[in-house]
Amino acid sequence: MNTTKTISSLMQSWLTKTGVHSTETILHWVAELNKKTAVNIQKTTLAKTNWFYDESVGQIVNANRSFFQIAGCRQIDQNSQTTTKIIEQPIIIQNEIGFLGILCKEINGVVHMLMQAKIEPGNINKVQISPTLQATKSNFTQKHGGNAPRFLDYFLDSKKHAVVVDQIQSEQSSRFLHKRNRNIIIMVDTATEIEESPVHKWLTLGQIKSLMKIDNLVNMDTRTVLSCIPFHLLKNPINSEDTKNFENFETVNSPLLTSIINGYQPQAFSQIYQYFNNYKMFSTKTRQIVPLYSLQNWEFSKNKNMETETETETFQHKQKYPFSLIFCDIAIEGREVSRWSQPLFEACGTAFFGLISATTNGTKEFLVQAKPEIGCFDHIELAPTVQLERGEQPDNLAKFMLSSLEKKHKVLYDVVMSEEGGRFYHEQNRNAIIEVDKKDLADFVPLNGYFWLTYHTLCCLIQTNNVVNIQLRNLLSLLELECVN
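Note that the structure is a prediction, hence the values are computed from the model and not measured.

## Re the overall build of the chain
Check the secondary structure of the chain and you find eleven helices and 26 strands. For the chain, the C-alpha radius of gyration of 23 Å lies close to 23 Å, the compact-globule estimate for 485 residues. For the chain, the spread of C-alpha atoms along the three principal axes comes to 65 × 55 × 40 Å. The buried share among the 485 residues of the chain stands at 57%. Within the chain, contacts between residues separated by at least 24 positions form 73% of all contacts whose residues are at least 6 apart in sequence. Total accessible area computed for the chain in this model is approximately 21000 Å², and 46% of it derives from carbon and sulfur atoms. Of note, the chain has its 48 positive side-chain charges centred 2 Å away from the centre of its 50 negative side-chain charges.

## Examining the packing of aromatic side chains
Tallied over the full model, the rule gives 22 aromatic pairs. Ring geometry for W14 versus Y455: centroids 6.4 Å apart, planes at 40°, classification tilted. With W14 in helix α1 (residues 3-15) and Y455 in helix α10 (residues 455-462), this residue pair connects regions lying 441 residues apart in the sequence. In this pair, the class of W14 matches that of Y455, namely buried.

## Remarks on the side chain of R180
Tracing the backbone shows R180 in strand β12 (residues 180-187). Excluding its chain neighbours within four sequence positions, the residues that come into contact with R180 are E96, I97, G98, I168, Q169, S170, F377 and N466.

## Comments concerning the pattern of salt bridges
In the structure shown here, the tally under the stated rule is 20 salt bridges. Here K302 ties to E313 by a salt bridge, and the two come within 3.7 Å at their closest N and O atoms. Of the two residues, K302 sits in strand β15 (residues 298-305) while E313 sits in strand β16 (residues 310-317), which places them eleven residues apart along the sequence. Look at K302 and you get exposed, because its relative accessible area is 60%. Residue E313 is classed as buried on the basis of its relative accessible area of 9%.

## Points about the nonpolar core
M113, F231 and L382 are the most contacted members of the largest nonpolar core, which has 80 residues in total. With six residues, α10 is the largest single contributor of residues to this core. M113 has contacts with L10, I102, L103, C104, K201, W202, L203, L205, I208, L226 and I229, leaving out every residue within four places of it along the chain. Listed in part, the 20 residues of the second largest apolar core include W51, F68, L292 and W298.

## Points about helix α11 (residues 470-477)
Along α11, eight of the eight residues are buried, which leaves the element largely enclosed by surrounding structure. Buried within α11 we find I470, Q471, L472, R473, N474, L475, L476 and S477.

## As for α10
Helical geometry note: an α-helix holds 3.6 residues per turn, so side chains three or four residues apart project in the same direction. Of all the eight residues making up α10, eight are buried; the element is thus mostly covered by neighbouring parts of the structure. All buried positions along α10 are accounted for by Y455, H456, T457, L458, C459, C460, L461 and I462.

## Some thoughts on the confidence of the model for the chain
For the chain, the mean per-residue pLDDT works out to 91, and 93% of the residues sit at or above 70. Here residues 237-247 scores under 50 on pLDDT; set against residues more than four positions off or in separate chains, the count is twelve contacts.

## Thoughts on the environment of E420
Within the secondary structure, E420 sits in the loop between β23 (411-418) and β24 (424-425). Along the backbone, E420 and E171 are 249 residues apart, and their C-alpha atoms lie at a distance of 8.9 Å. Once residues lying within four places of it in the same chain are set aside, the contact partners of E420 are Q134, E171, Q172, M220 and D221. A polar contact is formed between the side chain of E420 and the backbone nitrogen of G422, at a distance of 3.1 Å.

## Quick word on the pairing of strand β4 (residues 69-77)
For β4, the buried fraction is high: nine of the nine residues fall into the buried class. Every second residue of β4 is oriented toward a common face, with Q69, A71, C73, Q75 and D77 on one face and I70, G72, R74 and I76 on the other, all of them buried. Of the pairings in the sheet, the one linking β4 to strand β14 (residues 285-290) comprises six bridges and is antiparallel in character. Paired with D77 across the strands is K285, a residue of β14.

## Some words on the state of the cysteines
In total, this model carries zero disulfides according to the counting rule given. This cysteine, C228, is not joined by any disulfide, and C459 carries the nearest cysteine sulfur, 9.2 Å off. The thiol of C328 is not disulfide-bonded; the next cysteine sulfur, from C348, is found 13 Å away. Residue class for C328 comes out buried when judged on its relative accessible area of 0%.

Calculation rules
Residues numbered from 1 in each chain as written. Predicted model: local features only at pLDDT ≥ 70, side-chain atom pairs only at ≥ 80, totals over all residues. Heavy atoms only, no water. Helix = DSSP H or I, 4+ residues; strand = E, 2+ residues; numbered from the N terminus. Rg over C-alpha atoms; globule rule 2.2 N^0.38 Å. Buried < 20%, exposed > 50% of the residue type's maximum accessible area, 1.4 Å probe, protein only. Contact = heavy atoms within 4.5 Å. Areas by Shrake-Rupley, 256 points an atom, 1.4 Å probe, with all protein chains shown as cover. Lys, Arg positive; Asp, Glu negative; His and termini not counted. Charge placed at Lys NZ, Arg CZ, Asp CG, Glu CD. Phe/Tyr/Trp six-rings, centres within 6.5 Å; stacked < 30°, edge-to-face > 60°. Salt bridge = Lys/Arg side-chain N within 4 Å of Asp/Glu carboxyl O. Core = buried A, V, L, I, M, F, W, Y, C linked by side-chain atoms within 4.5 Å. pLDDT = per-residue confidence, 0-100. Polar contact = N/O pair within 3.5 Å; in protein donor to acceptor, adjacent residues only side chain to side chain. Pairing = 2+ DSSP bridges. Disulfide = S-S within 2.5 Å.

Set out below in structure tokens:
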């Protein structure tokens, strides 16, 4: 694979807003699938599912003891001899790595991506634009008796094709324990015939970016895969031998393009890894997996609908917490398994994920923080400028961002995006990016744990597993190369 040429062709796809299907056609396709696909999600009780609480391990498991488990997690921060902080919560344990895969192919001279219109049980609006393949290991090994997912063979035999991305990346570490997925993008030869299915269509990268401006349309899994594209490998196409293929680059918004092509920051890597290593060495936090029902401030709450005579059950915090645990009976037409039951984490309010950008000497930079989370695979990762869960008090940076958004001051993006619908019920979070002058932040940025990084540097870091968290990766996927009229 000619890596530079492949990445250049993906950049051209980023700039192409119309593909073999118009964006209007894609929106109509999603709307029609939403109308005609039967979906029935009913909240219920644990006893009415094929899951149960296993006293021997203190976890909620399914009848086959596969898929995933819900356990208790206790984090103890012994930051001095007299002060101890304890956090307890349910956590999802899923000790397997699934596929999040996108097939690419050049069509009519432009790279297109084969995207799937997929319904997850927790999706707030049913159909969302998903990767070509989105499957847990249990799914694609057919442990639950369902059909094998479409296009699976391309990813199982990926060495037969040009692999653009193959990264094992973390998921939400505030909900999962050590959960990771394999983010993979494969470029197939133009001679390879791949037909669209009723739930798969070809889109350019630019079209997908445009669709991200619509609330809850492009799912989390698509966003994380696209964030892994190694655009930092791109050489300046204006000065390359391939200039004839990149006529649009001369009209591109230069700060972000400069940040991608010329934004190498050699000093940043040692600073970040030194901060990470110091945290891992000297952190006073310890984590324990404990029986779910031993959590001190969590309890079951039962409700009964008098009209339907149905009972529901919630495992929730006695005061407030960003999520609670519910149980659902699920029927979705057209999936590998069409009927099942499972626990889901239900969001209690909307989180806020914010990224601040600034342009320095013609190069765009982003303010990110090093953030530990309770279920993080390696303790700590880079996160957005602001990662504010429901119920948390905003710090000065969060207040600054929220004030800027309220005033609509230099807002680049402000969109509501869904989280992982396979495990989370109706969880949607506000994702925003604003542009600032660095001097306006002088009184807000803490001295330690925050870094101004270019897109180039962030791309480099994403190529290493478990360095950039999913919230930051999702925000980076929103960025567009804006053309000047």
